[in-house]
Amino acid sequence: MNKELHQIAFGPVYDENSRLLILGSFPSVRSREIQFYYGNRQNRFWRTVCGFFGEDVPETTERKKEFLFRRKIALWDMVTECEIKGSSDADIRNAALADLTPIFRAAPIRKILLNGALAYKLFVSKYENTEIPYFRMPSTSPANPRFDKSAWEEQLRDLL
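The following paragraphs examine the structure supplied in this document. No experiment lies behind these values; they were computed from the predicted model shown. (Residues numbered from 1 in each chain as written. Predicted model: local features only at pLDDT ≥ 70, side-chain atom pairs only at ≥ 80, totals over all residues. Heavy atoms only, no water.)

Let's talk about unusual backbone geometry
Working step 1: Of note in the backbone geometry, glutamine 35 takes a positive phi value of approximately 60 degrees without being a glycine.
Working step 2: Along the polypeptide, glutamine 35 turns up in the loop between helix H1 (29-34) and helix H2 (45-52).
Working step 3: On the accessibility criterion, glutamine 35 (47% relative accessible area) is partly exposed.
Working step 4: Of note in the backbone geometry, asparagine 94 takes a positive phi value of approximately 50 degrees without being a glycine.
Working step 5: Topologically, asparagine 94 is positioned in strand S5 (residues 93-97). (Helix = DSSP H or I, 4+ residues; strand = E, 2+ residues; numbered from the N terminus. Buried < 20%, exposed > 50% of the residue type's maximum accessible area, 1.4 Å probe, protein only.)

Structure representation (structure tokens):
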């Protein structure tokens, strides 16, 4: 295996108060550089979620975590380890999938939002029979020209 391609993601962000779980596929190159989710400023994730709550996007990882905890949002990716060159989901190979059991045991998750087609596909392959409602969301990636913010707003509305 080419070690340049082997990548390990970072762990989940959640606590015992988390009600919503948002799952992506795998961190982008920029996210892996800063070691936190949605690090590419062109990605719409933080603008969409923070904007829904009428908040500015936090500048630091710690403030982003504070935002997530305050809003009872858990955040992770379906792929915890893989071979990938670059950031494209299409380039993910030999993926190890996240074990969501610790989150489900620790937090009363009421809804799961899957950020993009690959996150949804991988989630369904392992957790299709979960009793928690889950929804495929339009990817917030800058590579998605059909992003629909209203779909995110509709699902986030339950948290208010």
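Picking up after the structure, the text goes on.
Remarks on helix H5 (residues 117-127)
Working step 1: Listed in full, the buried residues belonging to H5 are Leu118, Ala119, Leu122, Phe123, Val124 and Tyr127.
Working step 2: Elements that come into contact with the buried residues of H5 comprise strand S2 (20-24), strand S4 (79-83), S5, helix H4 (101-106), strand S6 (111-115) and strand S7 (134-137). (Contact = heavy atoms within 4.5 Å.)

A look at the sheet that holds S4
Working step 1: A sheet is described by the order of its strands in space; here three strands give the open sequence S1-S4-S5, paired in antiparallel fashion. Every other strand in the sheet has two partners, leaving strand S1 (6-8) and S5 as the edge strands with one partner each. Here the strands of the sheet are splayed against their neighbours by 15 degrees on average, with no regard to which way each runs.
Working step 2: In the sheet, S1 pairs with S4 via three bridges, with the strands oriented antiparallel. Along S4, the bridge assignment pairs histidine 6 with glutamate 83. (Pairing = 2+ DSSP bridges. Axes fitted to C-alpha atoms, helices over the stretch in contact; angles between N-to-C directions.)

As for the nonpolar core
Working step 1: Residues Leu23, Trp46, Leu100 and Phe123 are the most contacted members of the largest nonpolar core, which totals 47 residues.
Working step 2: Mapped onto this core, the elements with two or more residues apiece are S2, H2, helix H3 (61-70), strand S3 (73-77), S4, S6, H5 and helix H6 (149-156).
Working step 3: Setting aside residues up to four positions removed in sequence, leucine 23 forms contacts with Trp76, Asp77, Met78, Leu100, Ile112, Leu113, Leu114, Asn115, Ala119 and Phe123. (Core = buried A, V, L, I, M, F, W, Y, C linked by side-chain atoms within 4.5 Å.)

Some thoughts on the packing of aromatic side chains
Here a ring pair, both rings aromatic, is described through the centre-centre distance and the interplanar angle of the planes.
Working step 1: Evaluated as defined, the whole model comprises 13 aromatic pairs.
Working step 2: Consider the rings of tyrosine 120 and tyrosine 134, whose centres lie 6.2 Å apart with planes at 45 degrees: the pair is tilted. Here tyrosine 134 lies in strand S7 and tyrosine 120 lies in helix H5, a separation of 14 residues in the sequence.
Working step 3: An aromatic cluster of three or more residues is present, and its members are Phe10, Phe36, Tyr37, Tyr38, Phe45, Trp46, Phe52, Phe53, Phe67 and Trp152. (Phe/Tyr/Trp six-rings, centres within 6.5 Å; stacked < 30°, edge-to-face > 60°.)

Some details on the environment of valine 49
Working step 1: For valine 49, the location among the structural elements is in helix H2.
Working step 2: By relative accessible area, which is 0% here, valine 49 ends up buried.
Working step 3: Taking the C-alpha atoms as reference points, valine 49 and serine 141, separated by 92 residues in sequence, lie 13 Å from one another.
Working step 4: What valine 49 contacts, discounting residues up to four positions off in sequence, is Phe67, Ile73 and Leu156.

Regarding the pattern of salt bridges
Working step 1: Tallied over the full model, the rule gives six salt bridges.
Working step 2: Where glutamate 55 meets arginine 70, a salt bridge forms, and the shortest distance between an N and an O atom there is 2.3 Å. One end of the pair, glutamate 55, is in the loop between H2 and H3; the other, arginine 70, is in helix H3, and 15 residues separate them in sequence.
Working step 3: The partner of lysine 65 in a salt bridge is glutamate 62, and the shortest N-O contact between them spans 3.8 Å. One end of the pair, lysine 65, and the other, glutamate 62, are both in helix H3, three residues apart, so they sit about a helical turn from each other.
Working step 4: It is possible to trace a salt-bridge network through shared partners that takes in Glu55, Arg70 and Arg71. (Salt bridge = Lys/Arg side-chain N within 4 Å of Asp/Glu carboxyl O.)

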